[in-house]
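# Architecture at a glance
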Amino acid sequence: MSVFGKAMTTVAMAMALMTTAAQAEEMRIALVVKALGIGFFEAANKGAEEAAKELGDVKIIYTGPTDTTAEGQIEVINSLIAQKVDAIAVSANDTDALVPTLKKAMDRGITVISWDSGVAPEGRQMHLNPSSSSLIGNMIIKLAADNLPKDGASEVAVLSATTTSTNQNTWIEEMNKVAPNYPNVKVVGTVYGDDLADKSYREAQGLMQTYPNLKAIIAPTSVGIVAAAQAVTDAGKVGQVNVTGLGLPSEMAGHVKSGASKSFAIWNPIDLGYSATMLAYHLAKKDAEAKPGASIPIGRMGEVKLDDKNEAAMADPFVYDAGNIDQFSSIF
């Protein structure tokens, strides 16, 4: 081999070593969602990838089970522990069931945060709420009340996700706390669609059959609100039963235009995935600490401040209606 050839080989080897070193230094952050195939979480992944690009030394592992079970998430998390990822950011299907597995992850030096739907404090370093639970609870019942007659109490029911879903249960609890502030609303029941479109559709049908005078369905779940709106449409009750709650503009645009939903709310899931990634990054880098009173930067979203439970709120929920649905439905 010529001197030139040997020199080129040496350069190639050096470049390969540099690439390997760079890859070794790349931080791997796993974004664990409730289930794959849900538009809300796919939008959150876009935000996570945006944060990774901005940070420059981050690889996002977007993963989750095929159904909304704690068992499925535990299997996914065990796999991530075996891969020795740097951080896990999880939207939990169960408050307590994930704790032993996540504790194992932390014991092995993996940064763990929850976002969207939290785990018990012993199973994570901090939790990022998309908004304040009290603000969300008030918002979802207010959206129903705003479109009901003011004289007398109208029957309203709730279509939730799973019975163990941390965020859903908290929001409904906060909603019930402020329900007396809305005398034109009478909450008559809560059913669970398990964040499955077909089951949520059947549960919404059941609500309309059980309560013939039902005037609104509140679904604080992006899967449930679409299913409920379709059930109202198929039942020929557009204009009689209003569907509201939390949903994605892209999935709700048609139902807003048809009148099945007068308005609904959601935070931006892109911002949520972005913020969760930023938090996981800074905690894994150890340039921030998860402790009460701490302020942690989240890039373009500013910063969050942790409360005495090591929880933080990202932003207020935003209302979507016929006036702005076209603007946002093309985004997420």
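Everything here concerns the structure above.
Below, the structure is looked at part by part. It should be emphasised that the depicted structure is a prediction, and the values quoted were computed from it without experimental measurement.

### Things to note about the packing of aromatic side chains
- All chains considered together, the criterion is met by eight aromatic pairs.
- With a centroid separation of 5.2 Å and 85° between ring planes, the pair formed by Tyr 320 and Phe 328 is classed as edge-to-face. Neither Tyr 320 nor Phe 328 differs from the other in exposure class; each is buried.
- Three or more aromatic residues joined by ring pairs form one cluster here, namely Phe 264, Phe 318, Tyr 320, Phe 328 and Phe 332.
- Over the ring of Tyr 274 we find Arg 300, and its NZ or CZ is 4.3 Å from the ring centre.

### Focus: the side chain of Lys 237
- Looking at where Lys 237 falls in the secondary structure, it is placed in the loop between α8 (222-234) and β9 (242-245).
- For the buried Lys 237, no salt bridge exists, and the shortest N-O distance to an oppositely charged side chain is 9.7 Å, to Glu 155.

### A look at the nonpolar core
- Counting residues in each nonpolar core, the largest one holds 88 residues, and the members touching the most others are Trp 115, Met 126, Leu 128, Ile 217 and Trp 267.
- Residue contributions to this core peak at nine residues, all from helix α10 (residues 269-285).
- Not counting residues within four places of it along the chain, the set of residues in contact with Trp 115 comprises Leu 31, Val 32, Val 33, Phe 41, Ala 44, Ala 89, Val 90, Ser 91, His 127, Leu 128, Leu 272 and Ala 276.
- Core analysis: the next-biggest nonpolar cluster, separate from the first, contains 18 residues, Ile 88, Val 90, Leu 102 and Val 119 among them.

### Observations regarding the packing of helix α5 (residues 133-145) against helix α6 (residues 166-178)
- Between α5 and α6, the shortest axis-to-axis distance is 7 Å and the interhelical angle comes to 65°. When the interaxial angle is binned, α5 and α6 end up roughly perpendicular. When you trace α5 past α6, the crossing you get is right-handed. Between α5, through Ser 133, Ser 134, Ile 136, Gly 137, Asn 138, Ile 140 and Ile 141, and α6, the contact on the second element is made entirely by Thr 170, Trp 171, Glu 174, Met 175 and Val 178.
- Residues that form the contact of α5 with α6 fall into these classes: six nonpolar, five polar and one charged.

About the criteria used
Residues numbered from 1 in each chain as written. Predicted model: local features only at pLDDT ≥ 70, side-chain atom pairs only at ≥ 80, totals over all residues. Heavy atoms only, no water. Phe/Tyr/Trp six-rings, centres within 6.5 Å; stacked < 30°, edge-to-face > 60°. Buried < 20%, exposed > 50% of the residue type's maximum accessible area, 1.4 Å probe, protein only. Lys NZ or Arg CZ within 6 Å of the ring centre and 35° of its normal. Helix = DSSP H or I, 4+ residues; strand = E, 2+ residues; numbered from the N terminus. Lys, Arg positive; Asp, Glu negative; His and termini not counted. Salt bridge = Lys/Arg side-chain N within 4 Å of Asp/Glu carboxyl O. Core = buried A, V, L, I, M, F, W, Y, C linked by side-chain atoms within 4.5 Å. Contact = heavy atoms within 4.5 Å. Axes fitted to C-alpha atoms, helices over the stretch in contact; angles between N-to-C directions. Parallel < 35°, antiparallel > 145°, perpendicular 65-115°, else oblique. Left-handed = near helix turned anticlockwise from the far one by under 90°. Nonpolar A, V, L, I, M, F, W, Y, C, P; charged D, E, K, R; others polar.

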